[in-house]
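# Structural overview for review
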Amino acid sequence: ALGATRPAGMLGAGNELCCQSLADEDLENLAATSLHGWIGRFPGGTPSNYFDWRTGNATDCPFVAAGTAQRWARWTKATGITDTIFVANVLTDTLPQAVAALKAHRDQGQRVRLVELGNELYDTTDPNNLAKYRRPRDYADAMQAWTSEIKR
């Protein structure tokens, strides 16, 4: 299992970095550190589908502070998070940009252990999901290129 060789305690925590207030870094660090987790999910949740890694913002959460690769690296170092689950924006971004985002995280010394291809794209209440991936097969077909390129 993924956490079989890790110490007891929480596996990790998701952090919807785009939709949380990052104004109190000390409080955020304290909360994450107290979990004793080792893996974090970036950017996490629905904002992942609208996330622009270059600006660190999501278009569905314009009120939020930037969540860049540099900011994530500082946060993981401060909290003891060693590994990252990266949620690629497969709804409103491109494959080359997703690859560039992964490289930016790796350049910051992040260990990207897993990559998720979007977040909850089965949600039929989001018209953007339906517009891009009308049928599950559409998503599966589109992700063939993404998985091949990301694995390289």
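Every value quoted in this text rests on a predicted model; they were computed, and no experiment measured them.

### Remarks on the packing of aromatic side chains
In total, this model carries five aromatic pairs according to the counting rule given. Geometrically, the ring pair formed by Phe42 and Trp72 is tilted, given 5.0 Å between the ring centres and 50° between the ring planes. Here Phe42 is found in strand 2 (residues 39-42), whereas its partner Trp72 is found in helix 2 (residues 69-79), with 30 residues between them in sequence. Residue Phe42 shares its accessibility class with Trp72, and that shared class is buried. Within the aromatic cluster, the residues linked to one another by ring pairs are Phe42, Phe51, Trp72, Trp75 and Phe86.

### Points about the pairing of strand 6 (residues 111-117)
On a regular strand, one side chain projects to one face of the sheet and the next to the other, so that they alternate. Both strand 5 (residues 83-88) and strand 6 contribute to a ladder of six bridges, which runs parallel. Residue pairing for strand 6: Phe86 is matched across the bridge by Val115.

### Some words on the environment of Arg135
One can find Arg135 in the loop between helix 4 (127-132) and helix 5 (136-151). Residues Arg135 and Tyr122 lie 13 residues apart in sequence; the distance between their C-alpha atoms is 9.1 Å. Among the polar contacts made by the side chain of Arg135, one reaches the side chain of Asp138 at a distance of 2.8 Å.

### What to know about the environment of Leu102
With respect to the helices and strands, the residue Leu102 is situated in helix 3 (residues 95-107). Using a relative accessible area of 3% as the deciding quantity, one classes Leu102 as buried. In this structure, the C-alpha to C-alpha distance between Leu102 and Ala69, residues 33 residues apart in sequence, is 8.9 Å. What Leu102 contacts, discounting residues up to four positions off in sequence, is Phe86, Val112, Val115 and Ile150.

### Section: empty space enclosed by the protein
To find the voids left in a structure, one rolls a probe of water-molecule size over its atoms. Taken as a whole and assessed by the stated rule, the structure comprises two cavities of 30 Å³ or more. Surrounding the largest cavity, Phe51, Trp53, Phe86, Val87, Ala88, Asn89, Asp93, Gln97, Ala98 and Ala101 form its lining. For the lining of the largest cavity, the secondary-structure elements that each account for two or more residues are strand 5 and helix 3. Split by residue class, the lining of the largest cavity holds seven nonpolar, two polar and one charged.

### A closer look at the pairing of strand 5
A large share of strand 5 lies buried, amounting to six of its six residues. Of the two faces of strand 5, the one lined by Asp83, Ile85 and Val87 and the one lined by Thr84, Phe86 and Ala88 are each fully buried. Pairing of strand 2 with strand 5, which is carried by four bridges, proceeds in the parallel orientation. Each residue of the ladder has a partner; that of Arg41, found in strand 5, is Ile85.

### Things to note about the nonpolar core
With 24 residues, the main nonpolar core has Phe86, Ala88, Val90, Leu117 and Trp146 as its most contacted residues. Counting only elements with at least two residues in this core, the list comes to helix 2, strand 5, helix 3, strand 6 and helix 5. At five residues, helix 3 tops the list of elements feeding residues into this core. Among residues more than four places away in sequence, those in contact with Leu117 are Ala88, Val90, Tyr139, Met143, Trp146, Thr147 and Ile150.

What counts, and at which threshold
- Residues numbered from 1 in each chain as written.
- Predicted model: local features only at pLDDT ≥ 70, side-chain atom pairs only at ≥ 80, totals over all residues.
- Heavy atoms only, no water.
- Phe/Tyr/Trp six-rings, centres within 6.5 Å; stacked < 30°, edge-to-face > 60°.
- Helix = DSSP H or I, 4+ residues; strand = E, 2+ residues; numbered from the N terminus.
- Buried < 20%, exposed > 50% of the residue type's maximum accessible area, 1.4 Å probe, protein only.
- Pairing = 2+ DSSP bridges.
- Polar contact = N/O pair within 3.5 Å; in protein donor to acceptor, adjacent residues only side chain to side chain.
- Contact = heavy atoms within 4.5 Å.
- 1 Å grid on protein atoms, 1.4 Å probe; cavity = no way out; pocket = protein on both sides within 12 Å on 5 of 7 lines; lining within 4 Å.
- Points joined across faces, edges and corners; volume = space filled by probe spheres on them.
- Nonpolar A, V, L, I, M, F, W, Y, C, P; charged D, E, K, R; others polar.
- Core = buried A, V, L, I, M, F, W, Y, C linked by side-chain atoms within 4.5 Å.

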